[in-house]
Amino acid sequence: MHNTCYDPTTDNTDTSPSVADPFRRRLLSAAMLAASGVPFPALATSAGRASGALADFVSLAISTADEVRLPAGYTANLLYVWGDPISDGPQAKVDASDNAAAQMLQAGMHHDGMHFFPFIEHGKPSSTHGLMCINHEYTDDGLLHTDGMHDWSAEKVAKSKAAHGVSVIEVKQDKGRWQVVRPSPRARRITADTPCRIAGPARGHAALQTAFDPRGEVVLGTVNNCAMGYTPWGTYLTCEENFNGYFKGPNNPTPDQKRYGFTETGFGFRWHEHDVRFDLMQHPNEGNRFGWVVEIDPWNPERAPVKRTALGRFKHEGATVTVAKDGRVVVYMGDDERFEYIYKFVSRDRYVPGKSDTTTLLDHGTLYVAHFAEDGSGRWLPLRHGERYPDGVLDAAHGFASQGDIAIRCRQAADLAGATKMDRPEWIAVHPNSGEVYVTLTNNVKRGADGATDAANPRPNNVYGHIVRWREAGHDAAAKRFAWDIFALAGDPQQADSSKRGSIKGDAYGSPDGLWFDPSGNLWIQTDVSTSVLNKGDYANLGNNQMLVADVKTGETRRFLTGPKGCELTGITATPDGRSLFVNIQHPGETASERSDPTTPTAVSAWPASQFASAIGGRPRSATIVITRQDGKPLAG
């Protein structure tokens, strides 16, 4: 998701679980499905006070302040900050002198996608007690270690790996205040060293076999965990995005390595210097073991995460789950790279609450990639072994000897199928009643230079991004055809260049990223403007990154939250009653290079300690905040 963490060398510009209490799980699943059914929004003119579902919400002004700002009548409190103990571990030290063992017991860096899973209390889903799964996308080693990357060591690599992955924490509201439950038997950290099972068509494939795992069945760790999804059966889907940047590649990468962006330098994490798994010269297959959707059972700490290879290998931004008319499970996914694709997976088997074998449901089915036609129609192209397309067949003669090959070389299969190259597909939000689907296309400044414009990606030098929506044929998520249109072109109405003004008639924004529907039918939009351009050039008038709301009845687009300096807004979930909204503030204080100077860690921002007295200081820290209305009414439901 992060705007500048991707590797431009991969731009596709070539224009050629078992549970202890099954009854409790069934209750949880029903509650989650009921909470997710919401109508879709439409954007229209806005002025003054919002109305309808947001009657008491007055739009915020653009801000460049180093703080979280909310409309009058709303309050934000800290819940979970980088370095906080997940259970009974140590609190982080101000100078970041904690070791890797301590970081394993603490919140990781750079909070991203997340979801709230309610406990069932008195037969109903609780809005005051639950488990929270939170992604930790990547690390800023200038902040993670007291002296940054000076005197690089095995210990520093271990700490960096420990700060990646996912947190599972127990949270509870007591006397109106949310807090992490400590200790908790369900709390755990999943990191870049956690054993993960491999399942689906690529399990055991020769390209996944290594010296450490000759069978190709177990991989250590998950990295660059960006957006996410959750299933009707109560599990969490975390998504591996820019995995290529952790590896040292060869001087002359193979075509497959180049297609996925492996380079000799990577993103400068330098893990390969003390963990040979990340040196592709020594272990060339290790890179194939990342880039997957990983399923986690938050209710069962003893169950290993599972990499679901049937969902394809690419830079996964999210995995948004819905259910087709016949009960099959559908997962929508974006590949966050310039000129990459939008996918969906349709399970072979139906989901029957309380009866289906959900431990294998995501291992069998058909993976599709989207083609957006110029006339507003669309097709889902099956990436199925033996499938014939004008440019070739998905068979051994074209490098795809099995479905496992297609899963591992998913981008190449989509290339052959003739999918539409999009402007960085990110979060996807589904209206489960209407079947309408929305996707953010964050930006693509190379559009028109390295790849021609098209109806779905109409702007050259697309600095602001846009949102596309589609309607599946027959309102069935498993359909093979759809109709689409552009929901909104982001932009700045003050721009002299009319192509950069956008089509937004509410509050202006650029680089849309996170998307989420609340139970009242409002669409929440989060932005990720790169710190290299934030408040500069084309973004000079748009302020810090922000979160907006589109009202379904009035169509108004409203600015609800502005973040501190250098941050990204990402991750959003709510309690079933809508009275508590959880939002992540990622990488406050980030520099344009994405690695801070350890001698001046608060040069850009000191948030959250600068705003919240309870926060540990010393460094800017990613954090989960809880937003409530002061009058106690629902704000998202």
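Residues numbered from 1 in each chain as written. Predicted model: local features only at pLDDT ≥ 70, side-chain atom pairs only at ≥ 80, totals over all residues. Heavy atoms only, no water.

Overview of the overall build of the protein
Across its full length, the protein carries seven helices and 32 strands. Taking all 637 residues of the protein together, 63% fall into the buried category. Carbon and sulfur atoms make up 51% of the accessible area of the protein, which amounts to about 21100 Å² in all. Of the charged side chains in the protein, 66 are positive and 74 negative, and the gap between their average positions amounts to 4 Å. (Helix = DSSP H or I, 4+ residues; strand = E, 2+ residues; numbered from the N terminus. Buried < 20%, exposed > 50% of the residue type's maximum accessible area, 1.4 Å probe, protein only. Areas by Shrake-Rupley, 256 points an atom, 1.4 Å probe, with all protein chains shown as cover. Lys, Arg positive; Asp, Glu negative; His and termini not counted. Charge placed at Lys NZ, Arg CZ, Asp CG, Glu CD.)

Topic: the sheet that holds strand 29 (residues 557–562)
Reading across from one edge, 26-27-28-29 is the order of the four strands in this open sheet, with antiparallel pairing throughout. Every interior strand has two partners, whereas the edge strands, strand 26 (512–517) and strand 29, have only one. Ignoring which end each strand starts from, the neighbouring axes of this sheet average 25° apart. (Pairing = 2+ DSSP bridges. Axes fitted to C-alpha atoms, helices over the stretch in contact; angles between N-to-C directions.)

A short note on the pairing of strand 31 (residues 581–586)
Within a regular beta strand, the side chains point alternately toward one face of the sheet and then the other, so they alternate between its two faces. In terms of residue burial, strand 31 counts as a mostly covered element, since six of its six residues are buried. Bridge count for strand 30 (residues 568–574) against strand 31 is six bridges, and the pairing is antiparallel. Of the residues in strand 31, the one forming a bridge with Thr570 is Asn584. Between strand 30 and the antiparallel strand that follows it, strand 31, lie six residues; Gly578 among them carries a positive phi value of about 75°. The pairing of strand 31 with strand 32 (residues 623–629) spans five bridges and is antiparallel. Bridge pairing links Ile585 to Ala623 in strand 32.

Let's talk about the pattern of salt bridges
With the rule as written, the count across this model stands at 39 salt bridges. Note that Arg424 and Asp336 form a salt bridge whose closest N and O atoms lie 2.9 Å from each other. Here Arg424, found in the loop between strand 21 (422–423) and strand 22 (425–430), pairs with Asp336, found in the loop between strand 14 (328–334) and strand 15 (338–340); they are 88 residues apart in sequence, far enough to count as distant. Arg424 sits in the buried class, given a relative accessible area of 0%. Overlapping salt bridges bring together Lys161, Asp193, Asp213, Asp275, Arg277, Glu286 and Arg289 as one network. (Salt bridge = Lys/Arg side-chain N within 4 Å of Asp/Glu carboxyl O.)

Let's talk about the environment of Gly148
Mapped onto the elements, Gly148 comes out in the loop between helix 3 (141–144) and helix 4 (154–162). By relative accessible area, Gly148 is classed as buried at 0%. With 447 residues separating them in the primary sequence, Gly148 and Arg595 have C-alpha atoms 8.8 Å apart.

Details of the side chain of Thr527
Residue placement: Thr527 occurs in strand 27 (residues 523–527). Engagement of the side chain of Thr527 in a polar contact is seen with the side chain of Asn545, the distance being 2.8 Å. Once you skip the residues sitting within four places of it in the chain, Thr527 turns out to touch Tyr509, Gly510, Ser511, Pro512, Asp513, Asn545, Gln546, Leu548, Glu568 and Leu569. (Polar contact = N/O pair within 3.5 Å; in protein donor to acceptor, adjacent residues only side chain to side chain. Contact = heavy atoms within 4.5 Å.)

So, the packing of aromatic side chains
We describe a pair of aromatic rings using the distance from one ring centre to the other and the angle between the two ring planes. Counted under the stated rule, the structure contains 34 aromatic pairs. Ring geometry for Phe117 and Tyr236: centres 6.4 Å apart, planes at 75°, overall edge-to-face. One end of the pair, Phe117, is in strand 2 (residues 111–121); the other, Tyr236, is in strand 10 (residues 236–240), with 119 residues separating them in the sequence. Comparing Phe117 with Tyr236, the two get one shared label, buried. Here a set of aromatic residues connected by ring pairs shows up, and it is made of Phe243, Tyr246, Phe247, Tyr260, Phe262, Phe269, Trp271, Phe278 and Phe290. For the cation-ring pair, Arg409 lies above Phe400, with the distance from its terminal atom to the ring centre recorded as 4.7 Å. Positioned above the aromatic ring of Phe269 is the side chain of Arg595, whose terminal nitrogen or guanidinium carbon lies 5.1 Å from the ring centre. (Phe/Tyr/Trp six-rings, centres within 6.5 Å; stacked < 30°, edge-to-face > 60°. Lys NZ or Arg CZ within 6 Å of the ring centre and 35° of its normal.)

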